[in-house]
Amino acid sequence: MSDMKSIGFVLKQHIKSYVQNHMLPKVYKKAVAHTKVDKNKVIFAEMHSNTLPNSMMAVYDELKASGKDITLYVRDIKDMSWPESISFMKSFMKDYAAAGYVYICSYFLPVSSCKKRDETKVIQLWHSGGLLKKMGYDTLDDIPKAYKGNVTANYDLVTVSAPICVNYWKKALHLPAGITKPLGLPRTDIYFDKKWQAKCKVRFEKIYPEAKGKRVVLYAPSFSGNAASPKAPGLEMGLDKEFAKLDDIYLIVRPHPLMRSVYPKYFDKRYKEISTDKLLPAIDVLVTDYSSILFDYSVYKKPFVMFCPDIKEYEKSRGFYADPRSFPAPFVTKKDELLKCIEDKEYLEKCTDEELEKFYQTYMGSCDGKATKRLIREVERMK
């Protein structure tokens, strides 16, 4: 069975490669012959969501308010049949040929399918901040060998969360010099709004009334393996039952969205009612492994715990840019060690304010509440 899955995966990559490198370029070339670039025409494109991703919302709102002509190509490819996905991509290519600007926030293969017009600018907002697990061409989990083509071609600007990220992104995404800039992540601007934080806390209290008076712990694990077969060892340890024994602590579990089918019980009604980013102002402690939610959380400069039961395997299979053991937080690999950390307030208080501030500045320093306006100014300067 595993061999069949492997064959199917490789076949799918070859089909993707054919569509990107042969079919879509023909559509684009034909459209170019009949169109001119309209600098007022903006496209937001994403193939992993049926709604506009949070990573795009701030920029979308700003451009919409300024009167830009915006077209959305936002669909989850998993929900489309092959004919639907082909039609979706062909339609995008026709609009791409005339667009002044195209915004994406993850890999979007059609945008890199052929040499684009110089007048059209592609801006990669990316969806995560910080610097931890390897990505892009630095790991097979992101871009398999079977795939032919350059998934990051045509990028004119990639914004990252701090200066330390620039050279790593440049290498991992095979980008020319000067493309990657530490302008910050526009989606994080809202984190610095005190009124928004207060609303999040009120919302949290309404949705989780049983957490009142307790220390709230958010466990937000990433996943191991590739997106097609994700797993999270920490979720197999019965943490729910162990935390339930602790009277003064309330646990919320939020796995990576890709694990919805593997761990459906964690994607309940309350998951839909309040997103993970809106939990961050209300929680007391974050527990995670390799999830970039850690870097979002660093904005609040509150204590966290690195719980990495599969650290050795993860280092071998994927690897890191930054060693999670070096972060200003307890690093544990066993359930008992994790429980001890959470129960012992003094243990967590070893994460000093100075260390947490330095951690934030190192990995998220360009996220200061002004990233959206800074990015749009940079885009407007493009020739």
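Since the model is a prediction, treat every value here as computed from it, not as a measurement. (Residues numbered from 1 in each chain as written. Predicted model: local features only at pLDDT ≥ 70, side-chain atom pairs only at ≥ 80, totals over all residues. Heavy atoms only, no water.)

Draft legend 1. Spotlight on the sheet that holds strand 5 (residues 157-159). The six strands are arranged 2-1-3-4-5-6 in an open sheet whose pairing can be described as parallel. Across the chains shown, the open sheet's two edge strands, defined by having one partner strand only, are strand 2 (69-74) and strand 6 (180-181). Sheet topology places strand 1 (residues 38-46) next to strand 3 (residues 99-104); four bridges connect them, and they run parallel. Counterpart to Ile43 in the pairing with strand 3 is Val102. Each of strand 1, strand 2 and strand 3 is contacted by helix 2 (residues 54-65), which is oriented at about 155 degrees to strand 1, the strand it contacts most. In the packing of helix 14 (residues 371-380) onto the sheet, contacts are made with strand 3, strand 4 (121-124), strand 5 and strand 6, and the angle to strand 5 comes to roughly 170 degrees. (Pairing = 2+ DSSP bridges. Helix = DSSP H or I, 4+ residues; strand = E, 2+ residues; numbered from the N terminus. Contact = heavy atoms within 4.5 Å. Axes fitted to C-alpha atoms, helices over the stretch in contact; angles between N-to-C directions.)

Draft legend 2. Fine view of the environment of Arg203. By the secondary structure assignment, Arg203 is in helix 5 (residues 194-207). Overall, the relative accessible area of 36% leaves Arg203 in the partly exposed class. The residues touching Arg203, leaving out its near neighbours within four places in the chain, are Glu273 and Ile274. At 3.1 Å, the side chain of Arg203 and the backbone oxygen of Glu273 are in polar contact. (Buried < 20%, exposed > 50% of the residue type's maximum accessible area, 1.4 Å probe, protein only. Polar contact = N/O pair within 3.5 Å; in protein donor to acceptor, adjacent residues only side chain to side chain.)

Draft legend 3. Spatial organisation of the side chain of Ser222. By the element assignment, Ser222 lies in the loop between strand 7 (215-219) and helix 6 (239-244). When its relative accessible area of 1% is taken as the criterion, Ser222 is described as buried. At 2.8 Å, the side chain of Ser222 forms a polar contact with the side chain of Lys133. If we ignore the near neighbours within four places in the chain, the residues touching Ser222 are Lys133, Lys231, Ala232, His256, Met259, Asp289, Tyr290 and Ser291.

Draft legend 4. Spatial organisation of a negative patch on the surface. On the surface, Asp247, Asp248, Glu343, Asp344, Glu346 and Glu349 cluster together to form a negatively charged patch. With respect to the secondary-structure elements, Asp248 resides in the loop between helix 6 and strand 8 (249-253). Classification of Asp248 by relative accessible area gives partly exposed; the value is 40%. (Patch = residues over 30% accessible without salt bridge, like charges linked within 9 Å, V, L, I, M, F, W, Y side chains within 5 Å. Areas by Shrake-Rupley, 256 points an atom, 1.4 Å probe, with all protein chains shown as cover. Salt bridge = Lys/Arg side-chain N within 4 Å of Asp/Glu carboxyl O. Lys, Arg positive; Asp, Glu negative; His and termini not counted. Charge placed at Lys NZ, Arg CZ, Asp CG, Glu CD.)

Draft legend 5. Structural detail: the packing of helix 2 against helix 14. Their axes nearest at 10 Å, the elements helix 2 and helix 14 cross at an angle of 65 degrees. Once helix 2 is placed against helix 14, the crossing between them reads as right-handed. Residue-level contacts link Ala58, Val59, Glu62 and Leu63 of helix 2 to Thr372, Lys373, Leu375 and Ile376 of helix 14. Looking at side-chain class alone, the contact of helix 2 with helix 14 contains five nonpolar, one polar and two charged residues. (Left-handed = near helix turned anticlockwise from the far one by under 90°. Nonpolar A, V, L, I, M, F, W, Y, C, P; charged D, E, K, R; others polar.)

Draft legend 6. Highlighting the nonpolar core. Of all hydrophobic cores here, the largest spans 84 residues; its most connected members are Phe92, Phe304 and Phe327. Top contributing element to this core by residue count: helix 3 (residues 82-96), with six residues. If sequence neighbours within four positions are ignored, Phe304 has contacts with Val285, Leu286, Leu294, Tyr297, Phe327, Pro328, Ala329, Pro330, Leu348, Cys351, Leu356 and Phe359. Counting residues in each nonpolar core, the second largest holds 26 residues, with Val217, Tyr219, Tyr266 and Ile342 among its members. (Core = buried A, V, L, I, M, F, W, Y, C linked by side-chain atoms within 4.5 Å.)

Draft legend 7. Quick peek at the packing of aromatic side chains. For the coordinates displayed, the defined rule picks out 25 aromatic pairs. Each residue in the set Tyr28, Tyr73, Phe88, Phe92, Tyr96 and Phe108 is aromatic and connected to the rest through ring pairs, giving one cluster. Lys39 extends its terminal NZ or CZ atom over the ring of Tyr101, reaching a point 4.8 Å from the ring centre. In this structure, Lys302 is placed above the aromatic ring of Tyr300, and the distance from its NZ or CZ to the ring centre is 5.6 Å. (Phe/Tyr/Trp six-rings, centres within 6.5 Å; stacked < 30°, edge-to-face > 60°. Lys NZ or Arg CZ within 6 Å of the ring centre and 35° of its normal.)

Draft legend 8. Representation of helix 2 in the model. Over its twelve residues, helix 2 runs 17 Å from end to end, which matches the ideal 16 Å to within 8%, given 1.5 Å per residue. Considered for burial, the residues of helix 2 that qualify are Ser55, Met56, Val59, Tyr60 and Leu63. Around the axis of helix 2, the buried residues are gathered within 110 degrees of arc, so they sit on the same side. In the core, the buried residues of helix 2 are packed alongside strand 1, strand 2, strand 3 and helix 14. Following helix 2 by one or two positions, Gly67 adopts a phi angle in the positive range, close to 90 degrees. (Expected span 1.5 Å × (residues − 1). Arc of directions from axis to C-beta.)

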